[in-house]
Structure formats: C-alpha cells, structure tokens
Amino acid sequence: MKETLNIKQKQYLEQPKERISGSEAIVRCLLAEGVDVLYGYPGGAIMPVYDELYKYQDKINHVLTRHEQGATHSAQGYARISGKVGVAMATSGPGATNLITGIADAQIDSTPIVCITGQVTSHLLGSDAFQETDIVGISTPVTKWNHQITKASEIPEVMAKAFYIAKSGRPGPVLVDITKDAQFEEFDFQYKKCEGIRSYNPVPKVDDFKLKEAADLINNAKKPMIVWGQGVILGKAEEELKAVIEKAGIPSAWTILGASAIPTSHPLNIGMVGMHGNYAPNVLTNECDVLIAIGMRFDDRVTGNLDKYAKQAKIIHFEIDPAEVDKNVKTDIAILGDSKESLSKLLPLLKANSHQEWLQNFKDLYAVEFEKVIKNDLHPTKESLTMGEVLHQINIQSKGKAAIVSDVGQHQMIACRYAEFNTSKSNITSGGLGTMGFALPAAIGAKMAAPEREVVAVIGDGGYQMTIQELGTIFQTKVPVKIVVLNNEFLGMVRQWQQLFFDKRYASTEMTNPDFVAIAKGYYVDAKRVTKREELASAVEEMMQSKDAYFLEVCIEKEDNVFPMVPSGASVSDIRLE
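The sections below set out a description of the structure shown in this document.

### Examining the overall build of the protein chain
Point 1. When helices and strands are counted, the protein chain shows 24 helices and 20 strands.
Point 2. For a compact globule of 578 residues, the expected C-alpha radius of gyration is about 25 Å, and the protein chain comes in at 24 Å, within 12% of that figure.
Point 3. Across its three principal axes, the protein chain shows a C-alpha extent of roughly 70 × 60 × 40 Å.
Point 4. The buried share of the protein chain, taken over its 578 residues, is 59%.
Point 5. Contacts in the protein chain between residues far apart in sequence, at least 24 positions, make up 76% of those at least 6 positions apart.
Point 6. Split by element, the accessible area of the protein chain, about 23,200 Å² in all, is 51% carbon and sulfur.
Point 7. In the protein chain, 61 positive and 72 negative side-chain charges are present, and the distance between their average locations comes to 4 Å.

### As for unusual backbone geometry
Keep in mind that most residues, glycine aside, have a negative phi and that most peptide bonds are trans.
Point 1. The linkage connecting F563 with the following residue, P564, adopts the cis geometry, with an omega of 0 degrees.
Point 2. You can see P564 is positioned in the segment after strand 20 (550-555).
Point 3. Phi is positive for K478, close to 65 degrees, though the residue is something other than glycine.
Point 4. With respect to the helices and strands, K478 occurs in the loop between helix 21 (471-477) and strand 18 (482-487).

### A few points about the sheet that holds strand 13 (residues 314-319)
Point 1. Taken together, the six strands give an open sheet; going across it, the order is 11-10-9-12-13-14, and neighbouring strands pair in parallel fashion. Edge positions in the sheet fall to strand 11 (269-272) and strand 14 (333-336), since each has one partner strand and no second. Adjacent strand axes in the sheet meet at a mean angle of 20 degrees when their direction is disregarded.
Point 2. With five bridges connecting them, strand 12 (residues 290-294) and strand 13 associate as parallel partners. What sits directly across from V290, in strand 13, is K314.
Point 3. Where helix 12 (residues 238-248) meets the sheet, it contacts strand 9 (224-228), strand 10 (252-254) and strand 12, and its direction lies at approximately 165 degrees from that of strand 9.

### Here we look at the pairing of strand 12
Point 1. Most of strand 12 sits out of view: five of its five residues are buried.
Point 2. Alternating residues of strand 12 divide into V290, I292 and I294 and L291 and A293, and every residue in both groups is buried.
Point 3. The pairing of strand 9 with strand 12 spans five bridges and is classified as parallel. Considered in strand 12, the bridge of V227 is made with A293.

### Description of the nonpolar core
Point 1. By size, the foremost hydrophobic cluster in this structure holds 96 residues, and its most contacted members are W228, L291 and V554.
Point 2. Beyond its immediate stretch of four places on either side in the chain, V554 contacts L385, V390, V484, V485, L486, N487, V530 and L536.
Point 3. Formed by 41 residues, the second largest nonpolar core is a distinct cluster that contains I26, L38, A162 and A166.

### Comments concerning the sheet that holds strand 7 (residues 173-179)
Point 1. Overall, parallel pairing links the six strands, which are arranged 3-2-4-5-7-6 in an open sheet. Each end of this open sheet is capped by a strand with a single partner; those strands are strand 3 (61-64) and strand 6 (145-149). Across the sheet, the mean angle from the axis of one strand to that of its neighbour is 20 degrees, orientation sign disregarded.
Point 2. As paired elements, strand 4 (residues 86-90) and strand 5 (residues 113-119) share five bridges and run parallel to each other. For M89, the partnering residue across the bridge sits in strand 5 and is I116.
Point 3. Set on the sheet, helix 19 (residues 439-449) makes contact with strand 2 (37-40) and strand 3; between it and strand 2 the angle comes to about 165 degrees.

### As for the packing of aromatic side chains
Point 1. Here the structure, examined in full by the defined rule, presents 10 aromatic pairs.
Point 2. Both rings, one in F490 and one in Y506, keep their centres 5.4 Å apart while their planes meet at 75 degrees; by these two values the pair is edge-to-face. Of this pair, F490 sits in the loop between strand 18 and helix 22 (492-501) while Y506 sits in the loop between helix 22 and helix 23 (516-522); the two residues are 16 residues apart in sequence, bridging distant segments of the chain.
Point 3. With relative accessibility at 4%, the residue F490 sits in the buried group.
Point 4. An aromatic cluster is built from Y464, F516 and F551, whose rings are joined through pairwise contacts.
Point 5. Taking NZ or CZ as reference, R495 lies 5.7 Å from the ring centre of F490, over its face.

### Notes on the packing of helix 2 (residues 22-32) against helix 8 (residues 155-167)
Point 1. Running from N to C, helix 2 and helix 8 point in directions that differ by 30 degrees, and their axes come no closer than 10 Å. The hand of the helix 2/helix 8 crossing is right-handed. Residues G22, A25, I26, C29 and L30 of helix 2 lie in contact with helix 8, whose contacting residues are I155, P156, M159 and F163.
Point 2. Among the residues making up the contact of helix 2 with helix 8, the classes are represented as eight nonpolar, one polar and no charged.

### Some remarks on the pairing of strand 13
One face of the sheet, then the other: side chains in a regular strand alternate in exactly this way.
Point 1. By the criterion of burial, strand 13 is predominantly enclosed, with five of the six residues buried.
Point 2. In the sheet, strand 13 pairs with strand 14 via four bridges, with the strands oriented parallel. Bridge pairing links E319 to L336 in strand 14.

### A closer look at the state of the cysteines
Point 1. What the rule picks out here adds up to zero disulfides.
Point 2. In this structure C29 is a free cysteine whose sulfur lies 12 Å from that of C194, the closest cysteine sulfur available.

### Brief notes about the pattern of salt bridges
If the charged atoms of two oppositely charged side chains come close together, the side chains can form a pair.
Point 1. Following the criterion strictly, the structure yields 28 salt bridges and no others.
Point 2. For R533, the salt bridge is made with E389, and the minimal N-O distance between the two is 2.8 Å. On the criterion of sequence distance, the pair formed by R533 in helix 24 (residues 533-545) and E389 in helix 17 (residues 387-398) is long-range, its members being 144 residues apart.
Point 3. A salt bridge links E542 to K528, with the nearest nitrogen and oxygen atoms 2.8 Å apart. You can see E542 sitting in helix 24 and its partner K528 sitting in strand 19 (residues 526-530), a full 14 residues away along the chain.
Point 4. Classification of K528 as partly exposed rests on a relative accessible area of 29%.
Point 5. Salt bridges here are not isolated pairs; linked through shared partners, they connect R170, D321, E324 and K327.

### As for the layout of surface pockets
Point 1. Empty space within the second largest pocket amounts to approximately 630 Å³.
Point 2. Lining the second largest pocket are 27 residues, and of these T264, N269, G271, N278 and Y366 lie nearest its centre.
Point 3. Of the residues assigned to the lining of the second largest pocket, the class counts are 14 nonpolar, nine polar and four charged.

### Re helix 22
Point 1. All buried positions along helix 22 are accounted for by G492, M493, R495, Q496 and Q498.
Point 2. Each element contacted by the buried residues of helix 22 is listed here: helix 18 (410-418).
Point 3. Phi turns positive one or two residues past the end of helix 22, at D503, with a value near 50 degrees.

Analysis parameters
- Residues numbered from 1 in each chain as written.
- Predicted model: local features only at pLDDT ≥ 70, side-chain atom pairs only at ≥ 80, totals over all residues.
- Heavy atoms only, no water.
- Helix = DSSP H or I, 4+ residues; strand = E, 2+ residues; numbered from the N terminus.
- Rg over C-alpha atoms; globule rule 2.2 N^0.38 Å.
- Buried < 20%, exposed > 50% of the residue type's maximum accessible area, 1.4 Å probe, protein only.
- Contact = heavy atoms within 4.5 Å.
- Areas by Shrake-Rupley, 256 points an atom, 1.4 Å probe, with all protein chains shown as cover.
- Lys, Arg positive; Asp, Glu negative; His and termini not counted.
- Charge placed at Lys NZ, Arg CZ, Asp CG, Glu CD.
- Pairing = 2+ DSSP bridges.
- Axes fitted to C-alpha atoms, helices over the stretch in contact; angles between N-to-C directions.
- Core = buried A, V, L, I, M, F, W, Y, C linked by side-chain atoms within 4.5 Å.
- Phe/Tyr/Trp six-rings, centres within 6.5 Å; stacked < 30°, edge-to-face > 60°.
- Lys NZ or Arg CZ within 6 Å of the ring centre and 35° of its normal.
- Left-handed = near helix turned anticlockwise from the far one by under 90°.
- Nonpolar A, V, L, I, M, F, W, Y, C, P; charged D, E, K, R; others polar.
- Disulfide = S-S within 2.5 Å.
- Salt bridge = Lys/Arg side-chain N within 4 Å of Asp/Glu carboxyl O.
- 1 Å grid on protein atoms, 1.4 Å probe; cavity = no way out; pocket = protein on both sides within 12 Å on 5 of 7 lines; lining within 4 Å.
- Points joined across faces, edges and corners; volume = space filled by probe spheres on them.

In structure tokens, the structure reads:
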C-alpha cells in the first residue's frame, strides 16, 4: 500500500534537479519524508548539516537533548506513540557511540528510527583522526541496516532506503554515517522515495492453506489461549485482533510491549504473561490445548524454562519476521505475514464460540491473585506507600487515557500490571533491552508526537538519575510531560533478587539520593514530594491538572517486592505469589 503524501512532502519530491550541497540535501531528504521534528546534539563532523537546519527552522524543529542517548530515546518515544519514523542526529566519535544504547533498544523492540551521524573527512578514514570511530562497524549488530556515505551524490538514494527499511515489515533502527566532505560537496539533487529493494521482502505473503489449518485447530480447541505482542500494534491490527477474540471467545493475554492493543477492561483480556505477569495466564499456559501467538517472539521473560513451556499445546504463530519462527518455541503452524492481513483473513474462517468454562478458570485464579497480591498493592493497610496505589491514583485522574512511559525495574512491572489502558499505543517502555534511563527522554518524544494526549513518565530513582539531565530539554522546549519518580532509595529489582536469592546481601543496591524536588525546581519545573498516603490523591490531581511540565516524587516502601514472580529458570506455572 502506497503512502499518501502531504503537500509539504510533494513540494520536496517534485522539484527538478538542483545543484546544492550534501548537507542541504540531507535536510531536503528529511522534509521529503515528512520529518518535522528531530532530536540531536551538534559537533564538528555534523556541523554543516546543522548549519543548513538553521535555515529551515520554520520547517523542522530540532530538539537539543542534553545527551545523545537522550536523542535516540526521544526518537523512540516519538515513533512508538505516532507510528512514524523517529529521527536522531549526532556528530562523530563519542557523539555517535552515545547513540548505540538507544539504537540497540530500538532494534530489539522493533522501533523505526533513523540515526544520522557525522564522520571525519574521507581521506582521514582509518587514520585514527580526532573523533573518528567506525560507527558502521560498531552499529552493525544492532541496526536493521546501516551505510556510510562518502560522496554527496549518494545521499538521496541512501536516505530514501534508510526510511523505507526503518518502517517496512518488522520496523527497526537504521544508521546513516556521512563524511564531512560529502556534506560540503555539491551535486545535482533530486529525491525519489524508495518503494522497494531488490531481494528485500519485508512482508511475506500469507499462506491461505496454513491459515485454514490454523482455523481448524482453533475451531476444535477446548482450551484455546491467545498471547499477543507488539506486532499487533505495529501492524495496526487492534480491531482485527478484537474481532477474532470476540468471535472465537478466546481468553487473551499480552506481552509487555503488546499492552494497550485491547482495552484493559475487555472481558476476554486476561492480563499480562511473563516473569511478573498475572497469575492465571502464566499458570494456564501449561494447561491450554492450543496456544495462538500473534506478533510476539517468545522472549525468555515470557516463556520461562523452555523445556516446560506449553508442551501440551499445539502452537500457532502469527509472525511477520521468518527469523522468529521456531527460534525459541517449536510451532505446529506458522502464519507468516502482516498481522492485519492475517487476522482479517482468519476471521471469516472461525466459528462463533464461547469458552465460558475455560474462561472461568482464569477468573478463579485472578481471584486468588487479587486476595494475595493485587489488593495489597492497590489498597494497602500498611503505613508506607506502595507503587501500586500511585498507579491507581494516576488511573483515577487520567481515566485510563494517559500514555504511560515507564523506565526499567520494579516500577515498570507495576506500571504495566496496574495502568489502565483504553487507547492503543499507551504503554511505552523498554522491553527487550531493559534500558534504565529510557523513560524521561522517551516521554519527551511521545508528548511532542501526541501533544493532545497526557503523557506520564513513571520512573524509579535509579533509572531517573541516568538521564536526569533531560530536565534541561524539558525546560528549554517547554514540553509539558508529567514525571513521577517512585523513590525507594534502592535499585529495587536488583534488591528484590538479592533478598530472594542472595540471602539479603544488598551489594551496591542501596542509593543515597539527592533532593529531587530541588533539582527539578532548578530546571524551573514545578515539583512536589509526597511521603504520606493522605497527600497522594491531591498531589496526583494537581500534577495531572497542570498545563506545564510537573515533577512528583513519591517516597514508597523501601523493601517492597513485585509479585507474582516466575523465578529465573522456572516454569511459568511455578509462578510465585509471595
């Protein structure tokens, strides 16, 4: 399906050949691809492009982050909530290497971003020149594609391919490295969007015969279960998934990155699978007779011990990337293709069904989890505040409409478990790489991509300090993100493991923290600290009603643990409630 071009894009695509510099060509390429915001940090090797951006300030908003890693995470947040390609830019050497963590995060979480880096002049390549680093070699394992440009004439074709590859099929990060002489060199510029690359087949054709086989298995199943992942959201297949679930009456669970594709309150939404997922879908994974995986990759945090994962079930895997099929879990039927197309074709083949007795098993186990875990998380009787009750208050104020951007750790699991999601693309977090420091810059990008939505960053005191400098970006851009730091003065998830598996030897996990409120106010961000339960509701309300950026620190129980929990190496059905 060809994209619809807006007037601004057509303006830069329909121009006759014009002699311009490589650096101006880069900017023209971005405009032709519809880029209106990019995140970056200038330096010597990328300075010609920044000089051209200065001339195009009315067309492209460049956001000066305070660290290059912040630029990539901001681009990720932008891409995840908008569905468009995020763009980050940096200079050579340390500027380029500082992008790598965000690029690796985007690769494993299938996030479409294009990163542009400056490079030393061509004749200096390989000479260990000042700020020279082989960023193409370094980034090769963590990019979907990368390329180094040494001639200005290469720029239009390479940039067109970069955007096409980043967003087509299973999305991912692309890096384009441009030598400084190529940025200065003039050539006859004309841009043509890339609509295909020889030997690159981003979307496999759906096999109708296998689709019928899958439908037969589902129609005859007594205990079917669906686990969906981010592939549903990336494929814009939320409505198709909902239709399949409702017609076939199948209890359906989600991975962390799949959260929000179906509303939390949907009666067939049975919760989250995985290490800190819900009790019922984890236990009953090993009792279902047909397991239908849709747009997920059977990550180890989802499966636990593979030797004990769903051995009794027939496995149907809907997946766009052939490399993910049979990689971790052996499938009985694999349906390759785009999730929207696959589910649309599956729907008429399914019989209307209801698995009420099977569904009741999930409800019964949920009741057990509620009594032992959920009730104490959301409505605690102990004196100290819990992470869960903070999320509960956010739900009350946002009515489940906010986009929650979480960092990595205990608070991340609590946010994914308890946030109410009524709108797709509402759960933005670092899944596969588990990058601490992700949330603050990602929230900036998310809010800029969707200014009409409330964006709340939920962060632990550890991860917050990894990218705390991005408060400067918030101050300078005036982007009105809401920041909640759940402060337990520990690296909470590591401490939990030390408590449970290392006899409470809290080695290097207790934190002596600064005055977070004073720091926020130093960046001219409104801020408040909450230490008592009676202060919480009004503080969250004040934060959510603010029209500006707002920082809220909530001091929580120091040694609280996140349950349920599948111990490392255990079966998902051995999940612990305490």
